[in-house]
Amino acid sequence: VEERSQPSKQTPKPGFSITPNPANDYLTIQFNQSFSGETTIELTTATGQVAKRMVNPVLDGSSANLETRSLPAGIYYCRVLVNGQAVHTGKVIITH
């Protein structure tokens, strides 16, 4: 009987983290990797409507702040796009 070792299943590290979540007045998006090219951060509604967009955000080190106080409370999706292609998506809850 031949035994084969199974490759270990590791969960890939997400490309970014979002804090606080749930959020009230702002979000901080912490990047775990660097990107080259035009970077866009979008908050979209559950139906896909873009509620907030930042193109080439000014990064404080490897994080960006996004104001959310003007958005209605609800569930949103934060997408990071590089050169127009979505590279990461995360769920966000906005409360007020």
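Residues numbered from 1 in each chain as written. Predicted model: local features only at pLDDT ≥ 70, side-chain atom pairs only at ≥ 80, totals over all residues. Heavy atoms only, no water.

J.: Would you explain the overall build of the protein chain in this entry?
T.: Check the secondary structure of the protein chain and you find zero helices and seven strands. Each helix (α) and strand (β) of the protein chain, taken in turn from the N terminus, gives the series β-β-β-β-β-β-β. Residue burial in the protein chain is summarised as follows: out of 96 residues, 32% are buried. Within the protein chain, residue pairs in contact and separated by at least 24 positions form 52% of the contacts whose partners lie at least 6 positions apart. Accessible surface, the protein chain: about 6,500 Å² in total, of which carbon and sulfur atoms supply 48%. (Helix = DSSP H or I, 4+ residues; strand = E, 2+ residues; numbered from the N terminus. Buried < 20%, exposed > 50% of the residue type's maximum accessible area, 1.4 Å probe, protein only. Contact = heavy atoms within 4.5 Å. Areas by Shrake-Rupley, 256 points an atom, 1.4 Å probe, with all protein chains shown as cover.)

J.: Looking at this structure, I do not really get the confidence of the model for the protein chain. What am I missing?
T.: Overall, the predicted model of the protein chain reaches an average pLDDT of 83, with 81% of residues at or above 70. Of the regions scoring below 50 in pLDDT, residues 2-13 engages in one contact with residues more than four places distant in sequence or in other chains. (pLDDT = per-residue confidence, 0-100.)

J.: Any chance you could explain the environment of valine 87 here in plain terms?
T.: Mapped onto the fold, valine 87 is located in strand 7 (residues 85-94). With 72 residues separating them in the primary sequence, valine 87 and glycine 15 have C-alpha atoms 8.0 Å apart. Valine 87 has contacts with Phe35, Val80, Leu81 and Val82, leaving out every residue within four places of it along the chain.

J.: Sorry if this is basic, but what is going on with the side chain of glutamate 42 here?
T.: Within the secondary structure layout, glutamate 42 lies in strand 3 (residues 39-45). Only 2.8 Å separates the side chain of glutamate 42 from the side chain of arginine 53, close enough to count as a polar contact. At 2.7 Å, the side chain of glutamate 42 and the side chain of arginine 79 are in polar contact. Residues within four places of glutamate 42 in sequence aside, it is in contact with Val50, Lys52, Arg53, Tyr77, Cys78, Arg79 and Leu81. (Polar contact = N/O pair within 3.5 Å; in protein donor to acceptor, adjacent residues only side chain to side chain.)

J.: Help me understand the pattern of salt bridges, please; the structure alone is not making it clear to me.
T.: Between side chains of opposite charge, a pair can form when the charged atoms approach closely. On inspection of all chains with the given rule, the structure shows three salt bridges. One salt bridge in this structure joins arginine 53 and glutamate 42, with 2.8 Å as the shortest N-O distance. A residue pair is termed long-range when its members are at least 10 positions apart, and arginine 53 in strand 4 (residues 50-55) and glutamate 42 in strand 3 qualify at 11 residues. Taking the shortest distance from any N to any O, the salt bridge between lysine 52 and glutamate 67 comes out at 2.7 Å. With lysine 52 in strand 4 and glutamate 67 in strand 5 (residues 63-67), this residue pair connects regions lying 15 residues apart in the sequence. Of the residues examined, glutamate 67 reaches a relative accessible area of 26% and is grouped as partly exposed. Salt bridges sharing common partners tie together Glu42, Arg53 and Arg79. (Salt bridge = Lys/Arg side-chain N within 4 Å of Asp/Glu carboxyl O.)

J.: Even after reading the chapter, I still don't get the sheet that holds strand 5, so can you show me in this structure?
T.: Pairing is antiparallel in the open sheet, where three strands are placed in the order 1-2-5. Edge positions in the sheet fall to strand 1 (16-19) and strand 5, since each of these pairs with one other strand and no more. Across the sheet, the mean angle from the axis of one strand to that of its neighbour is 20°, orientation sign disregarded. (Pairing = 2+ DSSP bridges. Axes fitted to C-alpha atoms, helices over the stretch in contact; angles between N-to-C directions.)

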